[in-house]
Amino acid sequence: MKKRLFILFIFVLCITPTLRIKALEVNQSGYINQKGVLFYSSPNYQGNKLLNTLDTGDKITLLSTDVTPSNDTNRCKSGFYHVSFYWESYNKKTYNGYVCADYVQLDIDTNKYAEEFRNAGFPESYFEKLTLLKDQHPNWKFTAYKTGLSWNDVVTAESVVGISYIQVADLSKGTKYISLDSGSYDPATKTYVMKESGNWYAANANTVAYYLDPRNFLDEVQVFMFENLGYNSTYQTLDVVQNIFKNTDLYQYSPYYIEAASYNRNSISPVSLAASSRQEVVTSNGKLSNSANGTIFKDKQVYNFFNIGAFSSGCKIDGKLEKNPVTCAQYYAYNKNWNDPKTSILKGASEIAEGYINQKQNTLYFKKYNVTSNTFGNYSHQYMTNIQAPSSEGRTTYNAYSKINGLLDSSIEFLIPIYENMPEKTALPVDVDNTKKEELDNEAKREEETASIVDIVNKAGYQYSNDYISGVPIGTTVQAFISNIKGTSSSATVTVTTTDSNGSSKEISDSTRLGTGDIVTIKSGNDSRSFRIVIYGDVNGDGKISAVDYVKVMNYMMSSGSLNGSYKIAADINQDGKISAIDYVKIMNYIMNN
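What this report covers is the structure whose coordinates are included nearby.

About the thresholds
- Residues numbered from 1 in each chain as written.
- Predicted model: local features only at pLDDT ≥ 70, side-chain atom pairs only at ≥ 80, totals over all residues.
- Heavy atoms only, no water.
- Salt bridge = Lys/Arg side-chain N within 4 Å of Asp/Glu carboxyl O.
- Helix = DSSP H or I, 4+ residues; strand = E, 2+ residues; numbered from the N terminus.
- Buried < 20%, exposed > 50% of the residue type's maximum accessible area, 1.4 Å probe, protein only.
- Pairing = 2+ DSSP bridges.
- Core = buried A, V, L, I, M, F, W, Y, C linked by side-chain atoms within 4.5 Å.
- Contact = heavy atoms within 4.5 Å.
- Arc of directions from axis to C-beta.
- Disulfide = S-S within 2.5 Å.
- Phe/Tyr/Trp six-rings, centres within 6.5 Å; stacked < 30°, edge-to-face > 60°.
- Lys NZ or Arg CZ within 6 Å of the ring centre and 35° of its normal.

Description of the pattern of salt bridges
- A complete count under the given rule lists twelve salt bridges for this structure.
- D249 serves as the salt-bridge partner of K287, at 3.9 Å between the closest nitrogen and oxygen. Linking K287 in the loop between α8 (270–281) and β15 (296–297) with D249 in the loop between α6 (238–245) and α7 (254–260), this pair joins segments that are 38 residues apart in sequence.
- We classify D249 as partly exposed; its relative accessible area is 28%.
- Notably, a salt bridge pairs K437 with D441, separated by 3.2 Å at the nearest N-O pair. On the criterion of helical spacing, the pair formed by K437 and D441 is a turn pair, its members being four residues apart in helix α13 (residues 434–442).

Structural notes on the pairing of strand β4 (residues 37–42)
- Examined bridge by bridge, β4 and strand β5 (residues 46–54) share four bridges and lie antiparallel to one another. What sits directly across from V37, in β5, is L54.
- Counted between consecutive antiparallel strands, the loop separating β4 from β5 contains three residues, among which N44 sits at a positive phi close to 60°.

Regarding the nonpolar core
- Membership of the largest hydrophobic core comes to 110 residues, with the highest contact counts inside it found for F122, Y257 and F305.
- Sequence-distant contacts of F305, defined by excluding residues within four places in its chain, comprise L250, Y253, Y257, S277, V281, L288, A292, P341, S344 and I345.
- Core analysis: the second largest hydrophobic core is formed by 21 residues, A460, Y462, L514 and I535 among them.

Structural notes on helix α3 (residues 151–158)
- Within α3, the full set of buried residues consists of W151, V154, V155, A157 and E158. Projected onto a plane normal to the axis of α3, the buried residues spread over an arc of 165° and lie on a single side. Along α3, the residues that are exposed and aim more than 90 degrees away from the buried face are N152 and T156.
- Buried residues in α3 make contact with β10 (141–150), α5 (205–212), α11 (364–368) and β19 (413–420).

Thoughts on unusual backbone geometry
- With a phi close to 60°, Y45 is a non-glycine residue in the positive phi region.
- Residue placement: Y45 occurs in the loop between β4 and β5.
- Under the relative-accessibility criterion, Y45 is labelled buried at 15%.

Section: the state of the cysteines
- Under the counting rule described, the total for this entry stands at two disulfides.
- Covalently, C76 is tied to C100 through a disulfide, its sulfur atoms 2.1 Å apart. Disulfide C76-C100: the torsion about the S-S bond is 100°, which places it as right-handed. Here C76, found in the loop between β6 (59–68) and β7 (80–87), pairs with C100, found in strand β8 (residues 93–100); they are 24 residues apart in sequence, far enough to count as distant.

A word on the packing of aromatic side chains
- In this structure the tally under the stated criterion is 35 aromatic pairs.
- Connected via pairs of aromatic rings, a cluster forms that spans W140, F142, F224, Y235, Y398, Y401 and F414.
- Its guanidinium or amino end placed over the ring of Y334, K300 lies 5.0 Å from that ring's centre, counting from NZ or CZ.
- Over the aromatic face of Y383 sits the side chain of K367, whose NZ or CZ is 4.5 Å from the ring centroid.

Remarks on the environment of V534
- You can see V534 is positioned in the loop between β25 (527–533) and α17 (547–557).
- Residue V534 is classed as buried on the basis of its relative accessible area of 1%.
- Separated by 32 residues in sequence, V534 and S566 have C-alpha atoms that sit 5.7 Å apart.
- Discounting residues that sit within four places of it in the chain, V534 has contacts with Y468, I469, S470, G471, V472, T516, S566, I569 and A570.

Written as structure tokens, this is what we have:
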């Protein structure tokens, strides 16, 4: 939405007409039906300009059953509605003001495109907003992407602490969005755990559900989070990229992004690349962060324009854990020899294309929420943790497109996901779940008396770091692992699960040997923690070390494959913080019984 807050007040010397024309119902909902609709605090475009504009698909609510007559029918024929607009996806504030009734649609005729939408696979809950968009942009193509996944399963998976973050600058107002799960909220100190510097916290399930629900973002601006990110040279041009980078230090590199779109025979939108770089490495004053400004790392200048390798869980550098994501991004660029801007942009774009766009994660939405059942598995290999990033980057794309005359009339395809058993609607939480919070707080003292789960893990001879358990010998069965844990705390309960090809969790039998990526849940007293198993050398998670693991490490070294999370940690056999020839030689020697 092209919205900016205004504090300018316009003083006028005229009196607003008091004659009212009967309209419809108070609290009736409607939608803005075209872009650029002015929104003022008083009728007839008087008073305070509340927002820059409202746009197609923005939802408003009638505050009055009357219409204020227009004093200029050339600008507004039907008069002005008194409405409220709740900017839910941005600052969660409600604005009350007046919009011209010409641009408000209270009753949407979804029948006109119903057959088209139904044939495309969309459920009726998508029809209203898609109809508004289709009316304004008849050349746009809306494609339903049927995930085949249960809505509740997806929300649960994406709400695991460490997967989805939200920025909350003011905890006095924003705790309602933060998870109360372990690792996010500490009832012993009654504090929320900042997951990354900059006030990033783990989002709770209701917040995740809102940002996960595509129907909340089917307006003219935010719909670009669903744009197909393949390269279309007819409208993804240098002018658009330059508009994205205007007034930033990235502007000088705009031509490299056009070149990157088809570099190495890939096909990736230079506009999405530009939006990603602006989101990742541009600071508030338009300067570049230390990821991309040529900072010296060790003995080299490094550039990482997409923050690749900036893992929220940290990384190992020279055998030591580094928790600063920017430093991890610099380290990644150092190892890749990205020592100049052009190389960094071309090579980084190629990695994104090969690792995401070519793997069915070909929208901003799918880069955040991997629900594509691709080779990486659902809910893994997700480019960002920020749940607002798809909306933010989509807005950047729209703003750049809108500055080029006629570009928004192009044939643009949007891939919009569909889930099984979706609720009628979703909304952001209005308050903290106080019942759950009080239960956690009341149990805090008893939990202090319970043996620390981390202590239990360490006493059992394993190592704990950043929600991973390592030091598990190859061939260890589930039963042997559980027995070892319970040997240090007989009251502890342990379950071991894995994720099947559909992304669903299933329990593993006692005789099965553990593999990298398996999930161990340990409960002691009222505390419960989940960890991912890391078995060094077992890179594919099958519980053994074989030629398959050797090939995976070698492919990663050759940049023809990717590794993430516990699987990437497992590939660092000598635990020096990097994956190198030493690691795959160790796997080969193991296979050769050396």
